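The residues making up each chain are set out below.
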Protein chains: 2
Amino acid sequence: MKNQDFINKLRNSGLRPTKQRIKICEALFNTEKTFHFTVNDLAKMMQKNFNEKISLATVYNTLHAFKKKGYVKEISLGNDKSYFDTNISSHHHFFDTKTNELIDIDSSKVELKNIPNPPKGKSIKDIDIVINVENDSQ
Amino acid sequence: MKNQDFINKLRNSGLRPTKQRIKICEALFNTEKTFHFTVNDLAKMMQKNFNEKISLATVYNTLHAFKKKGYVKEISLGNDKSYFDTNISSHHHFFDTKTNELIDIDSSKVELKNIPNPPKGKSIKDIDIVINVENDSQ
DNA sequence: AATTTACTTTATAATTAGTCTAAAGTAGAA
DNA sequence: TTCTACTTTAGACTAATTATAAAGTAAATT
Ligand SMILES: [Mn+2]
Ligand SMILES: [Mn+2]
Ligand SMILES: [Zn+2]
Ligand SMILES: [Zn+2]
């Protein structure tokens, strides 16, 4: 994907293609593989790898906007900070509680045997499965 | 359970039975049903229902101590604050994303069809399943 | 093209959950 | 009763996130 594609993508979804948003698109979507990151990770990545100092507020704004448009997912763990995910397909995670590393689980590799009925009057929005892992202490 | 039982329970697990810990035991374990709560919930509950002003630091200390002893569980959601659970049996949750209400799912009602192999060198500690729900918008 | 408008970025302040600290208090051992 | 180690506490501190309001910029209007 090239620059102009991002501009179109942004414009098509009603977001003005600003310099900051385009650069963030490059960082997030011009990659071979999808990945997980925190707001801070991204801010630093923009600075170092893209030579673009973007204010934290803008990083938050942009990620929330992208999330609303479905371009990224937000993953919340017990970890007091939240993670974003450029893999927007429906999938679950391993989470290394020692290193705070998130690892995708292939969709087909984990499935519920039975989905319980939600409490009366409520309906299911989505399901998060997190498998906490740790390094084998040799 | 009466007061003396809590004192023994605490002493047996190497925790000094202080006034604060005993009162918190009463609040948490002298109930018909198990329940979910935040640190703030508990601090307020102690004040109002038990006439016991316990400093926030102590509430944190006590909950972390109780967690380590296995008397409560901690549940982490995207919600920036964490929840504690007096239901220490292995179980999963519905989470109402609008009201921030946690609801137990009976252990038998949800089960994985297949547990994926953890990444090489890591082993599974535990699995958290959260089914996000919302009120039917009538 | 110049002007206007609405949206966006930014620095900075505010909020909030949680941790840390060091002094004062207390349970249990001696 | 005295001593010691553990505990409680107020208040300072940290860190993620949100709010504010001024300055900047993309797009629409003239
Ligand atoms: Mn925590
Ligand atoms: Mn959040
Ligand atoms: Zn993922
Ligand atoms: Zn529960």
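Residues numbered from 1 in each chain as written. Chains lettered and ligands numbered in written order. Predicted model: local features only at pLDDT ≥ 70, side-chain atom pairs only at ≥ 80, totals over all residues. Heavy atoms only, no water.

Colleague: Where do I start with the protein's contact with DNA strand D in this structure?
Modeller: Around DNA strand D lies a shell of 19 residues, among which Y60(A), S82(A), T18(B), Q20(B) and R21(B) are the nearest. Each atom of DNA strand D within 4 Å of the protein was classed as base or backbone; sugar and phosphate made up 78%. S55(B) is positioned such that a nitrogen or oxygen atom in its backbone is 3.2 Å from a phosphate oxygen of DNA strand D. In this structure, a phosphate oxygen belonging to DNA strand D sits 2.8 Å away from a side-chain N or O atom of T58(B). Those elements that provide at least two residues to the surface near DNA strand D are α4 (56-69) of chain A together with α2 (19-29) and α4 (56-69) of chain B. Residues belonging to the surface near DNA strand D are distributed by class as follows: 5 nonpolar, 7 polar and 7 charged. (Near = heavy atom within 4 Å. Polar contact = N/O pair within 3.5 Å; in protein donor to acceptor, adjacent residues only side chain to side chain. Helix = DSSP H or I, 4+ residues; strand = E, 2+ residues; numbered from the N terminus. Nonpolar A, V, L, I, M, F, W, Y, C, P; charged D, E, K, R; others polar.)

Colleague: I would appreciate a short explanation of the pattern of salt bridges in the present structure.
Modeller: One side chain can pair with another of opposite charge once the charged atoms of both are near each other. One pass over the full model with this rule turns up 16 salt bridges over all chains. A salt bridge links K98(A) to E134(A); its shortest N-O distance comes to 3.2 Å. Note that K98(A) is positioned in the loop between β4 (92-96) and β5 (101-105) and E134(A) in strand β7 (residues 122-135), a separation of 36 residues in sequence. With its nearest N and O atoms 3.7 Å apart, the salt bridge here joins K113(B) to E111(A). Of the two residues, K113(B) sits in strand β6 (residues 111-114) while E111(A) sits in strand β6 (residues 111-114), which places them in two different chains. Taken together, the shared-partner salt bridges connect D96(A), E101(A) and K122(B) into one network. (Salt bridge = Lys/Arg side-chain N within 4 Å of Asp/Glu carboxyl O.)

Colleague: In this structure, what is going on with the coordination of the zinc ion (ligand 4)? I would like to understand it.
Modeller: Octahedral metals with six donors have ideal donor angles of 90 or 180 degrees. Tetrahedral metals with four donors have an ideal donor angle of 109.5 degrees. Residues and elements named next belong to chain B. The coordination sphere of the zinc ion (ligand 4), as far as protein atoms go, consists of H36 (NE2), D85 (OD), H91 (NE2), H93 (NE2) and D104 (OD), spread over 2.0 to 2.2 Å. The sequence pattern describing where the donors of the zinc ion (ligand 4) fall on their chain is H-x48-D-x5-H-x1-H-x10-D. Of this pair, H91 sits in the loop between β3 (83-85) and β4 (92-96) while D104 is found in strand β5 (residues 101-105), placing the two residues 13 residues apart along the sequence. Among the residues examined, H91 registers a relative accessible area of 9% and is labelled buried. (Donors = N, O, S within 2.8 Å, 3.2 Å for Na, K, Ca; no water. Buried < 20%, exposed > 50% of the residue type's maximum accessible area, 1.4 Å probe, protein only.)

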